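The primary structure of each chain is shown beneath.
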Amino acid sequence: MSVLAQCGYGRGTKTEQGLNDGVIHGVIMSPRDEKRDRLENAIEEWSNQYPNAQILFDPQFYAANLNNPRDGHLSEFDYYNNNSGLSRTHFSGTRIQGYVKNCLDYQHNTFGNNVTYLVSPTILFDGFRDSWSQIALNMAAESVDCHSRLENPQPLLISLVMSETAFQSMDAVEEFLDALTEIEVKGFYIVLRRNAASLQNAMESVAFGRFMYFCYVLATINEYDVIVGYSDWHSFLLEAAGVNHTATGWYQNLRQFSLARFQPSAGGRRPRKRYSSAPLLSCPLINPELEDIFRANLLPRVLSGSAYDAALQSGPMAGEANWSDEASCLAHWFSLDCLSSQIKSQSTQMGQIQEAGRLMQNALTLYAQLGNQNVSFDPATGPDHIREWQDALQEFRSLAGI
């Protein structure tokens, strides 16, 4: 269990620094956001420099059936460029075979052993019983067949990109899981499309609990490798459910997946600077929230304990100018990695689930103590999302019978 970088626009040197510092343990590359030659060179360099890192290429084929998507550099990749604007009528058996073959051939022939897995192409679906979900299953089955014909390929992960709304019916969840667990494959790369376009730590508790159960059945019960992208603060709970790796990036659209990143940008001002606090399980604003905590002499209780904290320890407001995007990103990965380490320090799954519960209760206690010192928080900071997570954990435990 470890945190991976969900790469995107504005990568700079963040990933290399994160790998060097040990706060991430691999990368998931985004062809939408990288020139093809730059992406291919980076994967080769990382494979040589960091032989133990998990390195994946997300084909992002799901953008092909959107109308006029803002798809960036995806057009440089033939497996995608030849197949833009796909409707349901474009997914016959023969066409699916071609989409899958082109995508897996590209990864296999270009990256070879420089990637940890090959990742199948897929499409987004909103419900486990809709026609798009059946197309996703057909693409999964074809990916397994295509992979079997490759010469000494890396293991295959089946991509699944589904909406949060898919978890409304538990019967449909179970039916889809039955279909997935018939597939002979190494594992799954899962992306959950959130209902909200803006970053939301909160998630409706029943849907989140069922999503945790979905991952648990694949990872723990059936022992597939499971990687969940765009997981952000939800990572420690998913890891408690058995997920092997989770991923998050530096911008909002790399921490939570929505189709907004493929739609025309509405612009907007630069977001206010925040600090990622593992004890609070959230990102308080540096000014005024973290500054108020500092003035209440409680800053050490909130800091995650990384070397990056030095810029803020003498006063968040005074250090805000030095809190760069890179420092913020690295501190965020550090906090998530700390939570991951605390979860995996428990030797049993029950212990990991209980540890997740303890982390949430400790965070709520800390919020209460800060409130007693007249420190107030924006609703986006917390603590209401933690109570929803607690309910989700209870939902998951009920479904899993643990």
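Right above here is the structure, for reference.
The text that follows walks through the structure, step by step, so that each part is easy to find. All of these numbers come straight from a predicted model, not from anything done at the bench. (Residues numbered from 1 in each chain as written. Predicted model: local features only at pLDDT ≥ 70, side-chain atom pairs only at ≥ 80, totals over all residues. Heavy atoms only, no water.)

The next point concerns the layout of surface pockets. The computed volume of the largest pocket comes to approximately 1600 Å³. Around the largest pocket, the lining comprises 47 residues; the ones closest to its centre are L199, Y251, Q252, N253 and P271. Mapped onto the lining of the largest pocket, the elements with two or more residues apiece are α9 (252-255), α13 (325-344) and α15 (384-400). (1 Å grid on protein atoms, 1.4 Å probe; cavity = no way out; pocket = protein on both sides within 12 Å on 5 of 7 lines; lining within 4 Å. Points joined across faces, edges and corners; volume = space filled by probe spheres on them. Helix = DSSP H or I, 4+ residues; strand = E, 2+ residues; numbered from the N terminus.)

A few words now on empty space enclosed by the protein. Tallied over the full model, the rule gives one cavity of 30 Å³ or more. Empty space within the largest cavity amounts to approximately 150 Å³. What lines the largest cavity is a set of 19 residues, among which R194, M203, Y230, S231 and H234 lie closest to the centre.

A word on the environment of Q154. Residue position: Q154 is located in the loop between α5 (131-148) and β6 (156-163). For the pair formed by Q154 and N114, sequence separation is 40 residues and the distance between their alpha carbons is 9.1 Å. Every residue in contact with Q154, bar those within four places of it in the chain, is listed here: G112, N113, V115, T116, Y117, L118 and H147. From its side chain, Q154 meets the backbone oxygen of V115 in a polar contact 2.8 Å long. (Contact = heavy atoms within 4.5 Å. Polar contact = N/O pair within 3.5 Å; in protein donor to acceptor, adjacent residues only side chain to side chain.)

Another point: the environment of S235. Within the secondary structure, S235 is located in helix α8 (residues 235-240). It is 7.7 Å that separates the C-alpha atoms of S235 and A247, two residues lying twelve residues apart in sequence. Within the local environment of S235, its side chain forms a polar contact with the side chain of T246, the two groups lying 3.0 Å apart.

For the structure on display, the rule yields 17 salt bridges. Its salt-bridge partner being R210, residue E395 comes within 3.8 Å of it at the nearest N-O pair. Placement of the pair is E395 in helix α15 and R210 in helix α7 (residues 205-221), with a sequence separation of 185 residues. A salt bridge links D325 to R270; the shortest N-O distance between them is 2.5 Å. One end of the pair, D325, is in helix α13; the other, R270, is in the loop between α9 and α10 (286-295), and 55 residues separate them in sequence. The class of R270 is exposed, set by a relative accessible area of 57%. (Salt bridge = Lys/Arg side-chain N within 4 Å of Asp/Glu carboxyl O. Buried < 20%, exposed > 50% of the residue type's maximum accessible area, 1.4 Å probe, protein only.)

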